Amino acid sequence: MLKKFIILIIISLGLGFLCGHIGFSLHQATAVAIFCASILGTLFFWDFRLSFAFLGVSILLITRTINLENAIRSASLEVILFLVGMMVLVGLMKDAGFFAWLVSLILRIKNLTAHKFLISISVISALLACAVDEVTSIIFIVAAIFEICDYFEVDPTPFLITSVLATNIGSSGTVLGNPIGILIAAKSGLTFEDFILRAFPIMLICLAVLIVIVKFWYRKPLLDLDNKIKELGANEILVRLISVPPEKELKVSLGIFGLTMFFISLHHRLELFLNLEPNTILLTVPLISSGLVMIWKWRRARGYIEKDVEWWTLLFFMLLFAQAGALKYTGATDVLAGKLSGLAGNNISALTGIVLWISTIGSSILDNVVLVTAFIPVIQSFQGLNTSIEPLWWALLFGGCMGGNITLMGSTANIVALGILEKEKNVRMTFFRWFWVGLTVGIMTTIVVWLALTYIPFYKV
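A quick note: this is a predicted structure, and the numbers were derived from the prediction, not measured. (Residues numbered from 1 in each chain as written. Predicted model: local features only at pLDDT ≥ 70, side-chain atom pairs only at ≥ 80, totals over all residues. Heavy atoms only, no water.)

J.: Outline the overall build of the protein, listing residues and values.
T.: Looking only at helices and strands, one finds 24 helices and zero strands in the protein. A compact globule built from 461 residues would reach a C-alpha radius of gyration of about 23 Å, and the protein, at 23 Å, matches this within 12%. Projected onto its principal axes, the C-alpha positions of the protein cover 70 × 50 × 50 Å. Counting all 461 residues of the protein, 55% fall into the buried class. Carbon and sulfur atoms form 68% of the exposed surface of the protein, whose accessible area is close to 20,500 Å². If the 32 positive side-chain charges of the protein are averaged to one point and the 28 negative ones to another, these points end up 2 Å apart. (Helix = DSSP H or I, 4+ residues; strand = E, 2+ residues; numbered from the N terminus. Rg over C-alpha atoms; globule rule 2.2 N^0.38 Å. Buried < 20%, exposed > 50% of the residue type's maximum accessible area, 1.4 Å probe, protein only. Areas by Shrake-Rupley, 256 points an atom, 1.4 Å probe, with all protein chains shown as cover. Lys, Arg positive; Asp, Glu negative; His and termini not counted. Charge placed at Lys NZ, Arg CZ, Asp CG, Glu CD.)

See below:
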């Protein structure tokens, strides 16, 4: 631990001094050094990431690198409140048995085969990640995979990996699937409709690519599962094992969630009709819904706020956003944007490729929220170009999601799923068992995104 801390200090200070020598001001170099220290602190000391965030913001304020007003403004309270509201709604759905019911409903497959099972868990994982956060969706999908694989007495690991890869891909499909989606929407002005029209189709293509790859990669486990299905016969017993009838409370919960999704999907049109600021409806609808939920479930309301809302993570996000705001406030991101623009020759297609591949590789090592938070001010600095920078936002979104598949620490969903695997099945995932399939899927899906953003005019609007 001491060795890692020394490395962190040396790299952060070294980067600060380097920035000073290449033309950055003192405050710009300080902002870069502090942000670098927080990133390395997150990478080296994951359990202490909030401590680094607290200390980083404090140093920025004391050194007057950023003032209090701009630090608060940069903390993106609107994004945090949106996530709080959605977490309360997910807590309600969890209590009502929504996830167990959904899995039991979709997995009632006639004439079940290994290939049907693989496709179904891939599609379910991706679509569920589009509607709720990726961590909640993966917890319930993994539970269903264990139930089915236990019944057929096969190794669940290949199917768990497939599910996690599909979850990361699916989280790019809508603004709700990943915290970086709502963060990008809030900072770029992109709407829910934009995500459905532009991100969702690419997500579906990437999901199809994933299914083709894993069907080849796991052909032996699929053959083993097919043999077990033939040996044990039809899946009526399996259906009874996972059958969960919808109750009144679940129906009401589905109605609340459905209405929330309806108004979120129409937020841009409602904002125009009511003459509201962009994203006002998007960011307040979950708060209205969660407020009504806490009135309805008033005995459980404190539990939703204290247990279902991930305050540790949200505080980390807020302080990290403030540190990224210091990069923008001091003008450090303008300098970085100028360097990248010179590298790409002000060519938006080249810039899109650079952003996509840097974010893909970076998010395979770092938490994608950390990476996206660092990149957002840089992309905002490109607004002076005489062309639309919208492809850069899509590149950042997809790079942050697709890169998470490359390594087993690339996304929170990976870590959660593998933790459950180790706890429940005593199976410890090795780095390379994940890496080779994750790298293949990560590279192939990123190439799909790159081609779409580069050559399809629809994404250059």
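J.: Now, about the side chain of Ser 76: what can you tell me, with residues and values included?
T.: Secondary-structure assignment places Ser 76 in the loop between helix H4 (68–74) and helix H5 (77–96). Among the polar contacts listed, one links the side chain of Ser 76 to the side chain of Lys 187, at a separation of 2.7 Å. Ignoring sequence-local partners within four residues, the contact set of Ser 76 consists of Leu 183, Lys 187 and Phe 321. (Polar contact = N/O pair within 3.5 Å; in protein donor to acceptor, adjacent residues only side chain to side chain. Contact = heavy atoms within 4.5 Å.)

J.: Go over the environment of Phe 44, please, and point to the residues and values.
T.: Among the secondary structure elements, Phe 44 is positioned in helix H2 (residues 26–44). Separated by 43 residues in sequence, Phe 44 and Met 1 place their C-alpha atoms 8.4 Å apart.

J.: Please give an account of the pattern of salt bridges that cites residues and values.
T.: Overall, the coordinates contain 14 salt bridges when judged by the stated rule. One salt bridge in this structure joins Glu 153 and Lys 228, with 3.7 Å as the shortest N-O distance. Here the residue Glu 153 occupies a position in the loop between helix H8 (134–152) and helix H9 (157–170), and Lys 228 occupies one in helix H12 (residues 219–232), the gap between them amounting to 75 residues. Residue class for Glu 153 comes out exposed when judged on its relative accessible area of 60%. For the salt bridge of Asp 155 with Arg 433, the shortest nitrogen-to-oxygen distance reads 3.5 Å. Taken together, the residues span a long stretch of sequence, with Asp 155 in the loop between H8 and H9 and Arg 433 in helix H24 (residues 431–455) at a distance of 278 residues. Arg 433 gets classed as partly exposed once you look at its relative accessible area, which sits at 40%. Within the structure, one salt-bridge network assembled from shared partners comprises Lys 94, Asp 95, Arg 300 and Asp 308. (Salt bridge = Lys/Arg side-chain N within 4 Å of Asp/Glu carboxyl O.)

J.: Before we move on, could you go through the nonpolar core and cite the residues and values that matter?
T.: The nonpolar side chains of a soluble globular protein tend to be buried with one another. Counting residues in each nonpolar core, the largest one holds 141 residues, and the members touching the most others are Phe 82, Phe 159, Leu 396, Leu 397 and Phe 398. Excluding residues within four positions of it along the chain, Phe 82 makes contact with Leu 176, Ile 182, Ile 264, Leu 282, Leu 283 and Pro 286. Counting six residues, the second-largest nonpolar core is a separate cluster that includes Cys 36, Ala 37, Leu 40 and Phe 45. (Core = buried A, V, L, I, M, F, W, Y, C linked by side-chain atoms within 4.5 Å.)

J.: Go over the confidence of the model for the protein, please, and point to the residues and values.
T.: Per-residue confidence for the protein gives a mean pLDDT of 84, with 92% of residues at or over 70. Per-residue pLDDT, averaged within each element of the protein, yields its smallest value for helix H13 (residues 236–242) (57) and its largest for helix H11 (residues 192–217) (94). (pLDDT = per-residue confidence, 0-100.)

J.: Pulling in residues and values, what's your account of unusual backbone geometry?
T.: Excluding glycine, residues mostly carry a negative phi; peptide bonds, for their part, are mostly trans. In this structure, Asn 275 takes a positive phi of about 60 degrees despite not being glycine. Among the structural elements, Asn 275 can be located in the loop between helix H15 (267–274) and helix H16 (280–296). Phi at Asn 279 is positive, roughly 70 degrees, even though this residue is not glycine. In this fold, Asn 279 is placed in the loop between H15 and H16. Residue Asn 279 is classed as buried on the basis of its relative accessible area of 5%.

J.: I'd like a description of the state of the cysteines, backed by residues and values.
T.: This model, assessed by the stated rule, comprises zero disulfides. Not part of a disulfide, Cys 19 finds its nearest cysteine sulfur in Cys 36, a span of 8.9 Å. The structure places no disulfide on Cys 206, whose sulfur is separated from the nearest cysteine sulfur, that of Cys 401, by 10 Å. Of the residues examined, Cys 206 reaches a relative accessible area of 0% and is grouped as buried. (Disulfide = S-S within 2.5 Å.)

J.: Describe the packing of H8 against helix H23 (residues 412–425), listing the residues and the values that go with them.
T.: Between H8 and H23, the shortest axis-to-axis distance is 9 Å and the interhelical angle comes to 35 degrees. Between H8 and H23 lies a crossing whose hand is right-handed. For the pair formed by H8 and H23, the contact residues are Glu 134, Val 135, Ile 138, Ile 139, Val 142, Phe 146 and Asp 150 on the first element and Thr 412, Ala 413, Val 416, Ala 417, Ile 420, Leu 421, Glu 424 and Lys 425 on the second. When grouped by side-chain class, the residues that make up the contact of H8 with H23 number 10 nonpolar, one polar and four charged. (Axes fitted to C-alpha atoms, helices over the stretch in contact; angles between N-to-C directions. Left-handed = near helix turned anticlockwise from the far one by under 90°. Nonpolar A, V, L, I, M, F, W, Y, C, P; charged D, E, K, R; others polar.)

J.: Residue-level account of the environment of Leu 81, with values.
T.: Its place among the elements puts Leu 81 in helix H5. A residue is classified by how much of its surface remains accessible, and Leu 81, at 34% relative accessible area, is partly exposed. Sequence spacing of Leu 81 and Leu 283 is 202 residues, and the spatial spacing of their C-alpha atoms is 7.4 Å.

J.: Break down the environment of Glu 249 for me, with residues and values.
T.: Structurally, Glu 249 can be placed in helix H14 (residues 248–265). On a C-alpha basis, the gap between Glu 249 and Leu 92 in space is 9.7 Å, while along the polypeptide they are 157 residues apart. Ignoring sequence-local partners within four residues, the contact set of Glu 249 consists of Asp 95, Ala 96, Trp 296 and Lys 297.

J.: Before we move on, can you summarise helix H21 (residues 368–380) with the specific residues and values?
T.: Here H21 contains 13 residues, and its C-alpha end-to-end distance of 18 Å stays within 8% of the 18 Å for a straight helix at 1.5 Å per residue. Buried residues dominate H21, accounting for 13 of its 13 residues. (Expected span 1.5 Å × (residues − 1).)

J.: Give me the side chain of Asn 279: which residues, what numbers.
T.: Polar side-chain contacts of Asn 279 include one of 3.1 Å to the backbone oxygen of Ala 185. Here Asn 279 is in contact with Ala 185, Ala 186, Leu 190, His 267 and Glu 271, once residues within four sequence places are set aside.

J.: How would you summarise the packing of aromatic side chains if you had to cite specific residues and measurements?
T.: Throughout the structure, instances matching the rule amount to 13 aromatic pairs. Arranged with centres 6.4 Å apart and planes meeting at 90 degrees, the rings of Phe 44 and Phe 45 form a pair that is edge-to-face. For Phe 44, a relative accessible area of 23% puts it in the partly exposed group. In textbook terms, an aromatic cluster arises when at least three aromatic residues are bridged by ring pairs, as seen for Phe 431, Phe 432, Phe 435 and Trp 436. The ring of Phe 316 is capped by Arg 49, whose NZ or CZ atom sits 5.9 Å from the centre of that ring. If you follow Arg 219 out to its NZ or CZ, it ends over the ring of Phe 216, 4.2 Å from the centre. (Phe/Tyr/Trp six-rings, centres within 6.5 Å; stacked < 30°, edge-to-face > 60°. Lys NZ or Arg CZ within 6 Å of the ring centre and 35° of its normal.)

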